[in-house]
Amino acid sequence: MQRKDQIVKLEDVSKEYRVGRIAVPAIRGITLSIDAGAFLSIAGPSGSGKTTLLNLIGCIDRPTAGSVYLEGTEISALPSSRLAEIRSSSLGFIFQTFNLVPVLSALENVEFPLVISGTMGGRERRRRAQEMLEEVGLADLMGRRPNELSGGQQQRIAVARALVKQPAIVLADEPTANLDSGTGGSILELMREMNERRGTTFLFSTHDRMVMEYARRLILLRDGRIERDDGEVS
Amino acid sequence: MSPVLVRLAFRNVFRNRKRSIITFLSISLGLAALVFGQGLMLGIGNESMKNIIDYQTAHLTISPPGYLDMKETSLSPSVPDYPEILNSLERLPHVEGATARIVVPAVLNDGMNDLPCLASGVDVQTDGHVFRLADVVAEGRYLQGQRLEMVVGTRLAGQFAARPGDRLNVIMQDRGGEIEVQSLEVAGLVDTGNPTVDRGSLFIPLGVMQRALGMEGQATEVAVRLRRASDVGAGRAAIASFLAAEGLDLDVSEWTELAGDFLRLHRLKKRAFGVMTGVIVLLAAVGIVNTMLMASFERTREMGMMMAMGMKARTVLILFLLEGAVLGLFGGLAGGLLGGAATYYTEVHGIDIGAMYGDIDIGYPIRDVLRGDLTVGTLIGTLCFGVVVSVLASLYPAWRASKLVPSEALRHV
Ligand SMILES: Nc1ncnc2c1ncn2[C@@H]1O[C@H](COP(=O)(O)OP(=O)(O)OP(=O)(O)O)[C@@H](O)[C@H]1O
Ligand SMILES: [Mg+2]
């Protein structure tokens, strides 16, 4: 049975990629459940399957075998257009690099997910985006283009963008990999603050020891398997 | 479609300055050539038609059956009771004016040399209601009353080095087959720009012509000018039914039948021009395809990111098509401006090909100063054409971008 507060649940999920005639296994039979409000880090060496796992949970990719439940819905059989709708309505994304649209201002970037979901008018969109920028402390830079902002500021904007739709889950693939440790730390502080204040579930991947320290639950991947899961530490 | 998407498309177009400028230049130069060529063709075509209608054919010609085949022979039948027909014609719809002429072949002679030409007996009172000869007298003056004089095309007179005041012999055949020689004074020279007229026509007062040929009270044709050239079909029908009602066995022919050769040539040249611009536009389109493909390739990761955020494939398609449209719009605006300015320059100043190439025949009944004709229709048409071509050229790149799989696009570096 699917417990209501288990926002994500994976049952014996595998994912292989086909490269020519060879099947490359990226995830090998992972079973996992994540409670709503978690602040969870997926760590592991390069090639261990972190991005693949996040993509499976984020409805960006489908598993080769097994089931993925998101807020109780089995998603692996849904058509792509439905997956796009789920991504647009329930999920927020933060990527490692080239995160923001370079030709849009900070404000427009934060507004963009609301444009995609198309659920509100321009005025309301801008108001929300502005509030979100204030929350991450960058309200006075909202007119700037990404290349006029530092790496840390850009990732703050990305956090604001991921949260503006008030999604249930934010997925962040190595959000601090391109930042120095001080700036990276402050981004993680920000994410944890948002997690605590809003109750949003955060899943982020990293291979940085320092970053793992911020997590309240740590999953270690190796060769597509969970090597260690220290469960919820409160 | 969200205005944000339009804004995004605008900015994306100007993202890679160098590439956009090159693409943009190729579109705008292609479209400028299109505007200019079209303006020039239109100007030349319109002036040619005007020169044919004003000096040679009028809009409509009423003549006895079979006249057109026999025109330029001495045996052409004549129009009976033409003054009554003229009176009634003026009251018909679409008709602006009508006049009677006798047109026969003649030989012009200065005592030594002979040149064949076409002699027209013109009614000095009414000819100006239809033809515009009096406006293009280059030397001397136009015909006055029924004097024994004539007006000669400049080039024809030039063959004899004849000037106003000189006398030349006009040799014609009368109805009985007798050769008639009229010694007439050159009153003036007309320079119409239409070589058929300038090189091969002379004009004599109708009364003088009628007496010389024994055709008192007769004419070989009645020429009609309409209020608008576009009324030619309706005007012809009105006149034909009037003639039928009066029981007159006369034909009505349109100027397009009389100028068939010219129109066929013009159509051919327009087609050749169309093919040429087609090639130019195709080249520009290839440039657009290339630019858009490169843009979609460079932005693979960005598209992956947008699609991961839930942007639909259809929206990606629309975004790229919008970018194509923006490129076409700006290319069209610049091309229209450039081509329009060039056309306008020729409209005001003309291109003097006579000065450039000497006395050449470009196959059009016009003077050797080419004048373009700039119309709003051409500009708007070109702008739309630019946008449509650009959007079409973006279809494939846009389709490719929309087929991206987000997980793979995100891995793209
Ligand atoms: N589209 C793909 N095609 C082929 N193989 C793939 C593809 N995506 C991932 N893989 C393979 O799957 C395995 C897991 O890749 P994944 O990107 O999930 O690892 P990761 O832990 O995110 O690594 P990194 O730390 O380098 O980002 C790797 O062996 C990788 O080469
Ligand atoms: Mg990765």
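On a predicted model such as this, the values are computed, not experimentally measured, just so you know. (Residues numbered from 1 in each chain as written. Chains lettered and ligands numbered in written order. Predicted model: local features only at pLDDT ≥ 70, side-chain atom pairs only at ≥ 80, totals over all residues. Heavy atoms only, no water.)

> Help me get a handle on the overall build of chain B, residues and values and all.
Helix and strand content of chain B: 16 helices and 12 strands. Taken against the 2.2 N^0.38 rule, which gives 22 Å for 413 residues, the C-alpha radius of gyration of chain B at 31 Å runs more than 25% over that of a compact globule. Taking the principal axes of the C-alpha coordinates as reference, chain B spans close to 100 × 50 × 30 Å. Taken over 413 residues, chain B has a buried fraction of 51%. Counting contacts in chain B only where the partners sit at least 6 residues apart, residues at least 24 apart contribute 79% of the total. Total accessible area on chain B is roughly 18600 Å²; 59% of this is exposed by carbon and sulfur atoms. Each charge class in chain B was averaged separately, 37 positive and 41 negative side chains, and the resulting centres sit 20 Å apart. (Helix = DSSP H or I, 4+ residues; strand = E, 2+ residues; numbered from the N terminus. Rg over C-alpha atoms; globule rule 2.2 N^0.38 Å. Buried < 20%, exposed > 50% of the residue type's maximum accessible area, 1.4 Å probe, protein only. Contact = heavy atoms within 4.5 Å. Areas by Shrake-Rupley, 256 points an atom, 1.4 Å probe, with all protein chains shown as cover. Lys, Arg positive; Asp, Glu negative; His and termini not counted. Charge placed at Lys NZ, Arg CZ, Asp CG, Glu CD.)

> Would you mind going over the site of ligand 1 in detail, with residue names and values included?
Around ligand 1, a shell composed of 14 residues is seen, among which A:Ser46, A:Lys50, A:Thr51, A:Thr52 and B:Arg411 lie nearest. In this structure, ligand 1 sits where chains A and B come together, each supplying nearby residues. The backbone of A:Ser48 places a nitrogen or oxygen atom 3.2 Å from an oxygen atom of ligand 1. At 2.8 Å, a side-chain N or O of A:Lys50 approaches an oxygen atom of ligand 1. Burial of ligand 1 by the protein chains amounts to 74% of its free accessible area of 630 Å². When residues of the shell around ligand 1 are traced back to their parent elements, those giving at least two are strand 1 (6-19) and helix 1 (50-57) of chain A. (Near = heavy atom within 4 Å. Polar contact = N/O pair within 3.5 Å; in protein donor to acceptor, adjacent residues only side chain to side chain.)

> Tell me about the environment of A:Ser90, residues and numbers included.
Residues and elements named next belong to chain A. Summarising the element assignment, Ser90 is placed in helix 2 (residues 80-90). For the pair Ser90 and Leu70, spaced 20 residues apart in sequence, the C-alpha to C-alpha distance is 9.4 Å. When residues no more than four places from it in sequence are discounted, the contact partners of Ser90 are Glu71, Pro167, Ala168 and Ile169.

> Break down the environment of A:Phe202 for me, citing the residues and quoting the values.
Within the fold, A:Phe202 resides in strand 8 (residues 201-206). When the C-alpha positions of A:Phe202 and A:Arg161 are compared, they lie 14 Å apart, and in sequence the two are 41 residues distant.

> Quick one: what's the story with the pattern of salt bridges, residue by residue and with numbers?
For the structure on display, the rule yields 30 salt bridges over all chains. The salt bridge partner of A:Glu108 is B:Arg11, with a shortest N-O separation of 2.6 Å. One end of the pair, A:Glu108, is in helix 3 (residues 106-117); the other, B:Arg11, is in helix 1 (residues 3-13), on a second chain. Look at A:Glu108 and you get buried, because its relative accessible area is 9%. Where B:Glu185 meets B:Arg167, a salt bridge forms, and the shortest distance between an N and an O atom there is 3.8 Å. Of this pair, B:Glu185 sits in strand 7 (residues 179-190) while B:Arg167 is found in strand 6 (residues 167-173), placing the two residues 18 residues apart along the sequence. A residue is classified by how much of its surface remains accessible, and B:Glu185, at 32% relative accessible area, is partly exposed. On the accessibility criterion, B:Arg167 (49% relative accessible area) is partly exposed. Among the charged side chains, a salt-bridge network with shared partners connects A:Glu124, A:Arg127, A:Arg128 and A:Glu131. (Salt bridge = Lys/Arg side-chain N within 4 Å of Asp/Glu carboxyl O.)

> An account of the packing of aromatic side chains is needed here, citing residue identities and associated values.
Under the criterion given, the structure shown has seven aromatic pairs over all chains. Judged by centre distance (5.4 Å) and plane angle (90°), the ring pair of B:Phe14 and B:Phe330 falls under edge-to-face. Taken together, the positions of B:Phe14 in the loop between helix 1 and helix 2 (17-57) and B:Phe330 in helix 13 (residues 313-349) put the pair 316 residues apart, joining distant regions of the chain. B:Phe330 sits in the partly exposed class, given a relative accessible area of 27%. The rings of A:Phe39, A:Phe202 and A:Phe204 are connected pair by pair, giving a single aromatic cluster. Between the NZ or CZ atom of B:Arg101 and the centre of the ring of B:Phe131, over which it lies, the distance is 3.6 Å. (Phe/Tyr/Trp six-rings, centres within 6.5 Å; stacked < 30°, edge-to-face > 60°. Lys NZ or Arg CZ within 6 Å of the ring centre and 35° of its normal.)

> Requested: an account of the sheet that holds strand 10 (residues 225-229) of chain A, with residues and values cited.
Residues and elements named next belong to chain A. Strand order in this open sheet of six strands is 6-7-8-3-9-10, and the pairing throughout is mixed. The sheet terminates laterally at strand 6 (91-94) and strand 10, the two strands that pair on one side only. Looking at each pair of strands side by side, their axes are set apart by 20° on average, direction ignored. For strand 9 (residues 217-222) and strand 10, the ladder comprises four bridges, and the chain directions are antiparallel. Within strand 10, the position partnered with Arg222 by the bridge is Arg225. This element, helix 6 (residues 181-198), spans strand 3 (39-43), strand 6, strand 7 (169-173) and strand 8 of the sheet and lies at about 155° to strand 8. (Pairing = 2+ DSSP bridges. Axes fitted to C-alpha atoms, helices over the stretch in contact; angles between N-to-C directions.)

> Any details on the interface of chain B and chain A? Residues and values, ideally.
Tallying the contact residues gives 20 residues for chain B and 29 residues for chain A. The junction of chain B with chain A conceals about 2100 Å² of combined surface from both sides, 66% of it contributed by carbon and sulfur atoms. Taken together, the links from chain B to chain A amount to two salt bridges. Where chain B meets chain A, there are five residue pairs in polar contact (both at pLDDT 80 or more). Secondary-structure elements contributing two or more residues to the side of chain B that touches chain A are helix 1, helix 12 (300-308) and helix 16 (406-411) of chain B. Take the side of chain B that touches chain A: its biggest share by element is six residues, from helix 12 of chain B. Here the side of chain B that touches chain A is built from residues that sort into 10 nonpolar, four polar and six charged. (Buried area = accessible area lost by both parts, 1.4 Å probe. Nonpolar A, V, L, I, M, F, W, Y, C, P; charged D, E, K, R; others polar.)

> Give a description of the UniProt feature "transmembrane region" (unreviewed entry) in chain B that names residues and reports values.
All names here are of chain B. As recorded in UniProt, the feature "transmembrane region" (unreviewed entry) lies at residues 272-295, 316-338 and 374-396. The annotated region residues 272-295 carries 100% helix and 0% strand content, and the separation between its end C-alpha atoms amounts to 35 Å. Spanning residues 316-338, this segment combines 100% helix with 0% strand, and its end C-alpha atoms are found 33 Å apart. (UniProt positions renumbered as here; feature names shortened; annotations may be inferred.)

> Any chance you could break down the environment of A:Asn195 for me, citing the residues and the numbers?
Residues and elements named next belong to chain A. On the secondary structure map, Asn195 appears in helix 6. A relative accessible area of 3% places Asn195 in the buried class. Spatially, the C-alpha atoms of Asn195 and Val170 are 9.4 Å apart, while their sequence positions differ by 25 residues. Setting aside its immediate chain neighbours within four residues, Asn195 contacts Gly37, Ala38, Phe39, Thr200, Thr201, Phe202 and Arg216. For Asn195, the side chain forms a polar contact with the side chain of Arg216, separated by 2.2 Å.

> Please give an account of the pairing of strand 8 of chain A that cites residues and values.
All names here are of chain A. For strand 8, a buried count of six out of six residues is recorded, marking the element as mostly surrounded by other parts of the structure. Alignment of strand 3 against strand 8, held across five bridges, turns out to be parallel. Bridging from a neighbouring strand, Ser41 pairs with Phe204 of strand 8. The parallel pair strand 7 and strand 8 is bridged by helix 6, and the resulting crossover is right-handed. (Right-handed = clockwise from strand over helix to strand, strands pointing away.)

> An account of the sheet that holds strand 5 (residues 73-74) of chain A is needed here, citing residue identities and associated values.
All names here are of chain A. Spatially, 2-1-4-5 is the arrangement adopted by the four strands of the open sheet, whose pairing is antiparallel. Looking at the sheet topology across the chains shown, the edges are occupied by strand 2 (22-35) and strand 5. In this sheet, strand 5 lies alongside strand 4 (residues 65-70) in antiparallel orientation, the contact comprising two bridges. Within the sheet, the bridge partner assigned to Tyr69 lies in strand 5 and is Glu74. Sheet contacts for helix 1: strand 1, strand 2 and strand 4; angle to strand 1, the most-contacted strand, approximately 125°.

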